[in-house]
Amino acid sequence: MPVFVAYIKADLENVGSASVDVATATLTIDVKQGQSDETRESVTISREDEVPLDGSRGIANLVLSDWKASCSVLTADEFTTRFKKKKQALAETPRNVTDEDSGCWVPLVAFEARGLDVIRWRLREGDVSVRSAAGYPFEDVDLSDGDWADYDVEADAPVAMSDIETKVELVR
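Notes on the structure follow.

Observations concerning the packing of aromatic side chains
Then comes step 1: Scanning the entire structure with this criterion turns up 3 aromatic pairs.
Then comes step 2: Here the aromatic rings of Phe79 and Phe83 are separated by 4.8 Å at their centres, their planes lie at 45 degrees, and the arrangement is tilted.
Then comes step 3: Phe79 gets classed as buried once you look at its relative accessible area, which sits at 0%.
Then comes step 4: Taking relative accessible area as the criterion, Phe83 reaches 3% and is therefore assigned buried.
Then comes step 5: On the numbers, 5.0 Å between centres and 70 degrees between planes, the contact of Tyr136 with Phe138 is edge-to-face.
Then comes step 6: On the basis of relative accessible area, Phe138 is assigned to the buried category, the value being 7%.
Then comes step 7: Joined through ring pairs, the aromatic side chains of Tyr136, Phe138 and Trp148 make up one cluster.
Then comes step 8: Sitting over the ring of Trp67, Arg40 keeps its end group 4.7 Å from the ring centre.

What to know about the sheet that holds strand E4 (residues 39-46)
Then comes step 1: One open sheet holds the 3 strands; their spatial order is E4-E3-E11, and the pairing between them is antiparallel. Two strands close off the open sheet at either side, each with one partner strand: E4 and strand E11 (116-122). Sheet twist, expressed as the mean angle between neighbouring strand axes with direction ignored, is 40 degrees.
Then comes step 2: Looking at chain direction, strand E3 (residues 26-33) and E11 are connected through 6 bridges and run antiparallel.

Things to note about the pattern of salt bridges
Then comes step 1: According to the stated counting rule, one finds 8 salt bridges in the structure shown.
Then comes step 2: Across the salt bridge formed by Asp66 and Arg40, the nearest N and O atoms sit 2.2 Å from each other. Of this pair, Asp66 sits in the loop between strand E7 (62-64) and strand E8 (69-74) while Arg40 sits in strand E4, and the two are 26 residues apart along the sequence.
Then comes step 3: Accessibility expressed as a relative area gives 23% for Arg40, which makes it partly exposed.
Then comes step 4: Through salt bridges with shared partners, one network takes in Asp30, Glu41 and Arg122.

Points about unusual backbone geometry
Then comes step 1: Despite not being glycine, Asp156 shows a phi value in the positive range, around 50 degrees.
Then comes step 2: Assignment of secondary structure puts Asp156 in the loop between strand E14 (148-152) and strand E15 (157-171).
Then comes step 3: Located in the positive-phi region is Asp163, a residue other than glycine, with phi close to 50 degrees.
Then comes step 4: Turning to its location among the elements, Asp163 is positioned in strand E15.

What counts as what
- Residues numbered from 1 in each chain as written.
- Predicted model: local features only at pLDDT ≥ 70, side-chain atom pairs only at ≥ 80, totals over all residues.
- Heavy atoms only, no water.
- Phe/Tyr/Trp six-rings, centres within 6.5 Å; stacked < 30°, edge-to-face > 60°.
- Buried < 20%, exposed > 50% of the residue type's maximum accessible area, 1.4 Å probe, protein only.
- Lys NZ or Arg CZ within 6 Å of the ring centre and 35° of its normal.
- Pairing = 2+ DSSP bridges.
- Helix = DSSP H or I, 4+ residues; strand = E, 2+ residues; numbered from the N terminus.
- Axes fitted to C-alpha atoms, helices over the stretch in contact; angles between N-to-C directions.
- Salt bridge = Lys/Arg side-chain N within 4 Å of Asp/Glu carboxyl O.

Purely geometric numbers; function is a separate question.
Below, the structure is given as C-alpha cells:
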C-alpha cells in the first residue's frame, strides 16, 4: 500500500520542538481517488477511529466506502517497520521539528492508503504542539494562517513559527 508523508517547513524563533501526537490528533487532509480525478477536501482522520475493513481482518482510521478506499495514520515505529529495508525511505520517517530545522522540510506525519492518494494536509488548531527553546509547552497552537507567535514569560523570549508551508509526498 502506498505511504504518503506530510512535511512542514517554517522559519523558527526560539522553538525547541514542534510535534504531532498521532495517537490522539484529528488531522484534516485532502484526498484524490486512486482511479480518477475525483477529490474530497477537508476529510478528517484520527487513529482513535478504528473502522473494520470489509473482507479483511484489518482496520483503518478512515474508510470511504463509495471509493472502496481506506487510509490510516502511521506511527513513526510503524513507518520504520514498513521501510526497514529501504534506507532512502527511512530518511523520511516522521519526527519532531527541532530548533535546527528552521527553513527545512521535516517529515511530521505518515499515512498508509489504499485506493486513494493523500494530496494535502490542512493545518488546524491543535494539530501541532510547540515547546519553546526553554521547554515551555504551548497548547492549542493554530498554524493554519501560516504564522504563529506567542511569548515564553519564564524565558522572557518570543516564540514563533512563520512562513509555514506543508506538502505531501509519496514515499516508496
